Amino acid sequence: MSGKKTFTLLFIQLFILGVGGSIVGPLIPIISDSFEVSLDVVGSTLSLNAFGLLLASMFSGILSERFGKNKMLVTASILFSVSFLSLYLSNNFIYFTISYFIFGISWGIISLICNSLISDIFDSNRSSQIIRINIGYMLGAAFAPLIVSSILFFNVNWRYLFLFIALINTILFIFILLFKNRIYIEKKDKENFASLFSNSRKLLSNPVIIFCGIICFLHAGLGFSFGSWFTTYFKSINVPVNISSLILSLNTFIFCAGMLVQSFLLNKLSEERLMQFLSIPAFIFLFTAFISDNLIVKIVFIALFQFSFSGIAATSISTGIKENPRYSATITGLINSFSFTGTIVFQYMAGYLMENYSKSSIFYTSLGALFLMIIITSILNSYSVRKRKVS
């Protein structure tokens with residue numbers, strides 16, 4: 001299968017994944033009321049989902065290097081459909097939580113494999129293609145709150161969303177199953193587990209990969225928690241969920257536009273310099289949104305924050321892979337492990353603080369993460385400049 005056709009198939013898979021991964025966030029107030037659980041309990045469920053993502057990231061990279069990326073993609077796609085069918089059928093919160101955890105495992109594998117495949121296929125323009133493939137996920141994430149607003153407007157049971165996503169992903173799974181041996185030509189010389197784990201330890205000692213992991217820890221933690229608790233925050237300032245879901249959807253489309261623009265900026269700036277350049281305005285825009293009492297001004301500056309913040313994680317993954325493209329899946333898994341550890345920490349912290357202190361707590365954690373991101377991207381850029389001069 002040609003690179004363009006493979007890109008299209010993986011783009012669609014990430015689009016569906018984006019819808020699935022973002023559908024729960026706007027529903028948090030409704031899920032909380034429906035199952036009669038507090039926000040911090042819902043936050044724990046989101047953290048458990050992120051723990052599934054973390055487990056997948058830790059092991060699926062090595063497993064894909066050993067058994068093949070095509071097989072891992074098929075396996076993850078099956079788990080995706082099964083978990084969403086279980087979410088639709090869940091009649092208590094424990095069952096819902098377990099199903100959402102299983103989805104987290106499938107989510108982590110699919111994300112890792114798609115990014116790794118694109119890295120292998122488009123090695124000459126890896127950074128821009130990784131950003132663009134992840135636009136598929138973000139477009140799905142943008143449509144998710146729009147879909148939530150629609151079902152709430154028409155008074156449709158919110159559980160049908162999970163059934164619909166399961167069916168759509170099953171259709172795509174059939175295509176993947178038919179074409180899995182044409183998506184990507186697997187290398188014949190697969191390594192044993194001892195060698196793969198040894199290489200993982202060596203890669204994890206690379207300062208660039210560590211810096212990229214920390215950046216993704218902050219980016220993913222901030223991004224997932226801010227999106228998940230967006231409607232909850234706006235409900236606290238008397239904006240109903242169906243309206244705030246539309247605002248969230250618009251912001252996510254702007255996020256996609258930011259990623260597209262940044263994929264072209266990589267022709268002008270290095271990956272390290274671009275990440276540093278984007279972090280500073282993101283902090284300024286979000287801080288302005290936080291201190292503003294005017295709803296329109298708040299919405300505008302959140303949108304500007306989304307635009308500038310968008311492509312940092314994808315660029316960070318590409319920067320890490322550049323250190324050793326031969327082990328693209330393993331490096332992606334290592335960096336994603338940082339990402340989803342950040343998601344676990346931030347999701348629980350956001351739920352706890354918003355339940356026990358203030359609904360504005362999501363801004364405190366997000367601004368703190370952005371401030372640290374400015375520092376880390378600056379260190380990485382300086383390190384990379386010195387490294388290039390030496391070489």
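Residues numbered from 1 in each chain as written. Predicted model: local features only at pLDDT ≥ 70, side-chain atom pairs only at ≥ 80, totals over all residues. Heavy atoms only, no water.

Enquirer: So what about the overall build of the protein chain? Which residues, and what values?
Expert: Along its length, the protein chain carries 16 helices and zero strands. In terms of overall dimensions, the protein chain is globule-like: its C-alpha atoms have a radius of gyration of 20 Å, near the 21 Å expected for 391 residues. Principal axes of the C-alpha set define a box for the protein chain whose edges measure 55 × 45 × 35 Å. Across the 391 residues that make up the protein chain, the buried fraction comes to 57%. Pairs at least 24 residues apart make up 86% of the contacts formed inside the protein chain by residues separated by at least 6 positions. Computed over 26 positive and 14 negative side-chain charges, the separation of the two mean positions in the protein chain equals 9 Å. (Helix = DSSP H or I, 4+ residues; strand = E, 2+ residues; numbered from the N terminus. Rg over C-alpha atoms; globule rule 2.2 N^0.38 Å. Buried < 20%, exposed > 50% of the residue type's maximum accessible area, 1.4 Å probe, protein only. Contact = heavy atoms within 4.5 Å. Lys, Arg positive; Asp, Glu negative; His and termini not counted. Charge placed at Lys NZ, Arg CZ, Asp CG, Glu CD.)

Enquirer: Describe the side chain of Gln-129, listing the residues and the values that go with them.
Expert: Structurally, the position occupied by Gln-129 is in helix 6 (residues 126-153). Look past the residues within four positions of Gln-129 in its chain and what remains in contact with it is Phe-7, Ile-118 and Phe-122.

Enquirer: Residue-level account of the pattern of salt bridges, with values.
Expert: The final tally for this structure, using the stated rule, is two salt bridges. Close ionic contact of Lys-322 with Glu-272 constitutes a salt bridge, the shortest N to O distance being 3.6 Å. Taken together, the residues Lys-322 in the loop between helix 14 (312-321) and helix 15 (328-356) and Glu-272 in helix 12 (residues 271-291) connect sequence positions 50 residues apart. Here the salt bridges share partners, and the residues they tie into one network are Glu-271, Glu-272 and Lys-322. (Salt bridge = Lys/Arg side-chain N within 4 Å of Asp/Glu carboxyl O.)

Enquirer: Run through the nonpolar core, naming residues and quoting values.
Expert: Ranked by size, the top nonpolar core spans 113 residues in total, and within it Ile-23, Phe-84, Phe-96, Phe-162, Phe-226 and Phe-309 carry the most contacts. A per-element tally of this core places helix 5 (residues 93-121) first, with 12 residues. The residues contacting Phe-309, other than those within four sequence positions of it, are His-219, Leu-222, Gly-223, Phe-255, Ala-282, Leu-370 and Met-373. (Core = buried A, V, L, I, M, F, W, Y, C linked by side-chain atoms within 4.5 Å.)

Enquirer: Can you lay out the packing of helix 9 (residues 207-228) against helix 15 for me, pointing to particular residues and giving the numbers?
Expert: Taken N-terminus to C-terminus, the directions of helix 9 and helix 15 make an angle of 40 degrees; their axes are 7 Å apart at the nearest point. In terms of axis orientation, helix 9 runs oblique to helix 15. Regarding helix 9 and helix 15, the two cross each other, and that crossing is right-handed. Contacts from Ile-209, Cys-212, Gly-213, Ile-214, Cys-216, Phe-217, Ala-220, Gly-221, Leu-222, Phe-224, Ser-225 and Ser-228 in helix 9 reach Ile-331, Ile-335, Phe-338, Ser-339, Phe-340, Thr-341, Gly-342, Thr-343, Val-345, Phe-346, Gln-347 and Ala-350 in helix 15. A class-by-class count of the residues in the contact of helix 9 with helix 15 yields 15 nonpolar, nine polar and no charged. (Axes fitted to C-alpha atoms, helices over the stretch in contact; angles between N-to-C directions. Parallel < 35°, antiparallel > 145°, perpendicular 65-115°, else oblique. Left-handed = near helix turned anticlockwise from the far one by under 90°. Nonpolar A, V, L, I, M, F, W, Y, C, P; charged D, E, K, R; others polar.)

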